[in-house]
Every structure is written in C-alpha cells, then in structure tokens.
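# Descriptive analysis of the structure
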Amino acid sequence: MTRRSCAIYAVGIICASLLVVGIGLVVAQVFRTFMHNRLRKEIVLVEGSRVFESWKSPPPPVYMEYFFFNMTNEDAFLKGAKPQVTQVGPYTYREYRYKDNVSMLDNNKMVSAYNFKTFVFMREKSVGDPAVDTIKTVNIPAWAVMNKARGSFWKVPLALTMISAVGAGLFTTRTVDELLWGYEDPLLARVAYSQPQVDKVFGLMYKKNGSHSGKFVYHSGRQNSVEYGRVDTWEGKRRLTFWGSNQSNSINGSDGSAFHPLLDKNERIYIFTPDLCRSIHMEFEKDVEVKGIPAYRFTPPRSVFASKEENPANGGFCVSPKECLGTGVLKVSPCRDGAPVVASFPHFYLADKKYVTAIEGMSPKTEHHQTFLDLNPTTGVIVRANKRAQINMLIEKISGFPKTRLLNETIFPIMFINESVVIDDASAARVHKLLLIVTLVSNFPLLIVGLGGIMLLVLILLLFRARKQKNEVKRTVFAKPLYATSNEEDTSYSPVSDNEKDDPKNGTYISLTPKDDPQA
C-alpha cells in the first residue's frame, strides 16, 4: 500500500469519526445541557455565587424621574368644567439601592433581606429646582379627611369645621420638595390632635428616602432554578389581606430585581410591587439588543389593569361592588389608609379612552409611558428597564361638603414616575464573556461537525487527485508504442561479446544497432 493510499484511508476514518461524533452530540444536546445545568448551579442567591454580590448591591445606576401635573383652571373645574393640566418635569434623582440584614435560611434554600433605597437630587438632569418650583395639585390630605368622614352623621360636620378652620381648599400649591418629601399639613395636625396615630406630615415620598419596603424572604434557586429570586414572604405573609379574592391577594414572582436564567418567550414574568399592593405580570413583546447583548422585552398587557368585565380575574381588586373602576386604573385605597388614591400607567396609557379625554393635557404614548423589562434570556440579567406608574386621586361629589357639589367624578392625575436603569459597561462586559463561553461550549459539537466537513473536502480532493494521476499513468503506457522511433525491421541484433560461441557461459544479452540504410 502506497503512502498516498494510507493518507486517504486515514483522512476517511478521521472524517467519518468527526461527523458521526459531532452529529451525535448535536442531536443529543450534550454540551448545551451541560452548560444550562452549569448556569442553574452558578446563578443562585448563595454566598460566593456569581451573582450574590451584585444582587445585594446592584452596580448599574438607577434614576428616578418625577413628573407633576400642574392644574391651570381650578375655578372653572370647581364649577363643573373639564380640568386642564400641564406636565412639569422631570425632577431627577439618582437612586441608590442595596439589600441589608441579609441572612441565609433553611440550609441556603431561602435568603431574607431588607431593600433600602436612597435618593440624591441631580440638578443637571432636571428641569428646575424642587425647593423653588411650585405645583398646583389636588389637596390630598383634605380629600382623605373628607372620604374618612363620608356617610357619618357626626364626622362630616366635624371634618367640615376643621377644614374651614384651617382654610383648606380642594387644591393646594406646594413646592416639588414638599409634595415629594413631606410638609406639615395644618388639617392633619388638627386631626392628629384628637387621633395621635395620624401623622401630621404628608408627602408622596414621605419616609421613603433612606428607608426600606419591608422584610422579604426569597427563594435562592438552589433547589429549583426557576424559583430563583421568587418572593416567598413579605412582612411575614405569603398572602395579602387588602383585596377580595385569594388570587388578587397572592404574592407572585420576584421583587423585580432578579429573574431566573434560561427564560422562554412563552412564559409570564410575575413581579410583586409593595407600592401597588399587588402582583402584576408581564408578557413577551419583542426581541431587542442592549450594548450588544440580546434580550427579550417583557411588558404588562392591558389585562393587568383591565376591568372585571374585560378580565373577570380582576374582580377581586374591586374595593366594593360600587367601587369597581374601568380598564386601566386601580383604586389602591385599601392599602393607603382609605385615601381615594388610584394607580395607572402614565397619561392613562392602556386605559379606557374616557379617562384620557376627561383631562385636558393627557397624551399617552408607548415610547414614553410603557413599562418594560429587557432581560437576557440566557442569564436572566436585566439589561434595561423602565418602571412607569402614575398616582391619581378620585375626585367626586361628597355629601355634606358644599365645595364638591358641582364636581363630576374624575380620576385626576397628580404625578407619574419613571424609574429607569441600563446595564453598566463593566457588567455588560462580564455578561458578554459569559455568553461567549456558553455559546462556544454549547456549539462545540458544531465545531466537530465543521472539522468533519473540512476533512471530507480534503478526502474528496485526495481521491480526485489520485484518480487523476492513475488516468495519467494509463495514458502514458498506451502512448509509447504509438510514438516509438524504431521497429523490428530497422534493427539488427548482435551478441554483446564475440566469445558467445566459444564460451557457453556467455549471457544471452544482446545489443541493438540500426541497420545501414541501403540508400546511403
């Protein structure tokens, strides 16, 4: 067997082995399964894991923007006209988040923590000075007092007397700082005199700067990766008590800071939000890319805040059968001390049109008012997010309070927030590196198949060249007689030695010499 034949056989064996092994590994998904199992073990809320420190102190900067709605036609509105508002903002704050008092529980299956938030004002990202700029808006303390007194024979006159005594109107003008971080309200001070449990300071973000939102206990994901980051209890409860059904009171999903790896487009993402006093869900919308990292965008659908007629499952969120609002708004008074506070998306995005048209100045737009989460499906890491929510007040005629007699029922917008985050460059680089490793290892069988394909091409080339050389040899053998310069008739034979006859041992070798040309 020639050296070339050995090479062909060797290449053929290697080619067949690579293709068989590679295709087998691709079909069996061995390396992909190995990497997925590795990710499930690495992404857990346990001391020393890949994600634990970043979960406790998230490195990407978070910004909180506050937008207010300034009332411009108070007198006309009190006489029954449509309210007119103008949007003022943003007033931007850098939000610093960290988890404190972190403790591992139940053999590392659970982890407890307090979520702290601190806000620092950023003048360069804001439209003005919150200590100077003023906003005319609904007098929330006055409306809260009136609603508390509603229907009571003796509370209504008492509340009316206190409101008149301090000169409280249905609307108030306050600085942005006061509205956000609190001011001593004279009406609440009067109420607190007889009811010490009432706080005389009011602010939309009062006691929320440098504070926490309660004790959370999370699943670490060690036992089941799908449970990673899911809230087990909040303030010691697995179920809320604000609403009218078990489904509405359920605490589902994470707190919005952690999501399990290997996400699927068809799954629902659940998030528990203490500010809304409920859980909401999100669904896949589209594929996006952030800093070169592929991501799935999840958004809350219209059904989250749909009316009970549109989504019967939301019937439990009705405060009472008579207090069931339409699609796009949620009355959260059960967890706001009875104040007629209503939550929605900004500018009543995804809400019934009647709420938009009832206020002059509303203009809902997806790009400015949609809440979304962009999650890398492999790692579950948040690469970009915008949480947008609006605080409103339910304004209506209240029996016994003359100033409200001409009012139509209105969901009046006060303020909306935009809490945003984009993954920082250092974190993005780490995600890129991890995704590269996952891709290379998961696709290693394809590399083997590729090498097998290259060896197949080499084998074909070797076979082609061998066939070509064989054909050339055959042509050479058959071509010699055709192109010879002498024949038997032109050649004479003579012994090599003259001693042939005398020496019997003389060989039979002969020499060939051309005959003399007879013409010469």
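Notes on the structure in this doc start here. (Residues numbered from 1 in each chain as written. Predicted model: local features only at pLDDT ≥ 70, side-chain atom pairs only at ≥ 80, totals over all residues. Heavy atoms only, no water.)

## So, the packing of helix α5 (residues 140-149) against helix α8 (residues 186-194)
When two helices pack together, their arrangement is given by the angle between their axes and by how far apart the axes lie. It is at 8 Å that the axes of α5 and α8 come closest, and there the two elements cross at 40 degrees. With respect to α8, the element α5 is oriented oblique. Along its contact with α5, which presents Pro 141, Ala 142 and Val 145, the element α8 presents Leu 187, Leu 188 and Val 191. (Axes fitted to C-alpha atoms, helices over the stretch in contact; angles between N-to-C directions. Helix = DSSP H or I, 4+ residues; strand = E, 2+ residues; numbered from the N terminus. Parallel < 35°, antiparallel > 145°, perpendicular 65-115°, else oblique. Contact = heavy atoms within 4.5 Å.)

## Side note on the environment of Arg 336
Here Arg 336 lies in the loop between β13 (329-331) and β14 (341-344). Using a relative accessible area of 29% as the deciding quantity, one classes Arg 336 as partly exposed. In this structure, Arg 336 is in contact with Pro 274, Asp 275, Cys 277 and Val 341, ignoring residues within four places of it in sequence. (Buried < 20%, exposed > 50% of the residue type's maximum accessible area, 1.4 Å probe, protein only.)

## A few points about the nonpolar core
One finds Tyr 66, Phe 68, Trp 143 and Phe 348 to be the most contacted residues of the largest nonpolar core, which totals 85 residues. Once you skip the residues sitting within four places of it in the chain, Tyr 66 turns out to touch Val 88, Gly 89, Pro 90, Tyr 91, Tyr 93, Phe 119, Leu 180, Trp 181, Met 205, Met 415, Phe 416 and Ile 417. With 19 residues, the next largest nonpolar core counts Leu 39, Val 51, Tyr 218 and Tyr 228 among its residues. (Core = buried A, V, L, I, M, F, W, Y, C linked by side-chain atoms within 4.5 Å.)

## Section: the state of the cysteines
Two cysteines, two sulfur atoms, one covalent bond between them: this is a disulfide. If you walk through the whole model with that rule in mind, you get 2 disulfides. Residue Cys 277 pairs covalently with Cys 335 via a disulfide, S to S 1.8 Å. Because the sign of the S-S torsion sets the handedness, a value of about 85 degrees for the bond joining Cys 277 and Cys 335 places this disulfide among the right-handed ones. Residue Cys 277 is located in the loop between β10 (269-273) and β11 (278-290), and its partner Cys 335 is located in the loop between β13 and β14; the two are separated by 58 residues in the primary sequence. The burial state of Cys 277 is the same as that of Cys 335; both residues are buried. For Cys 318, the disulfide goes to Cys 324, at an S-S distance of 1.4 Å. What makes Cys 318 buried here is its relative accessible area of 16%. Numbered by order of appearance in the sequence, the disulfide-linked cysteines of the chain pair as 1-4, 2-3. (Disulfide = S-S within 2.5 Å.)

## Regarding the side chain of Ser 279
Of note, Ser 279 is situated in strand β11. According to the relative accessible area criterion, Ser 279 is buried, its value standing at 10%. Among the polar contacts listed, one links the side chain of Ser 279 to the backbone oxygen of Ser 250, at a separation of 3.2 Å. At a separation of 2.9 Å, a polar atom in the side chain of Ser 279 contacts the main-chain amide nitrogen of Asn 252. (Polar contact = N/O pair within 3.5 Å; in protein donor to acceptor, adjacent residues only side chain to side chain.)

## Structural notes on the pattern of salt bridges
With the rule as written, the count across this model stands at 24 salt bridges. For Glu 310, the salt bridge goes to Arg 302, with nearest N and O atoms at 2.8 Å. Where Asp 374 meets Arg 384, a salt bridge forms, and the shortest distance between an N and an O atom there is 2.8 Å. Taken together, the positions of Asp 374 in strand β15 (residues 372-375) and Arg 384 in strand β16 (residues 382-395) put the pair 10 residues apart, joining distant regions of the chain. (Salt bridge = Lys/Arg side-chain N within 4 Å of Asp/Glu carboxyl O.)

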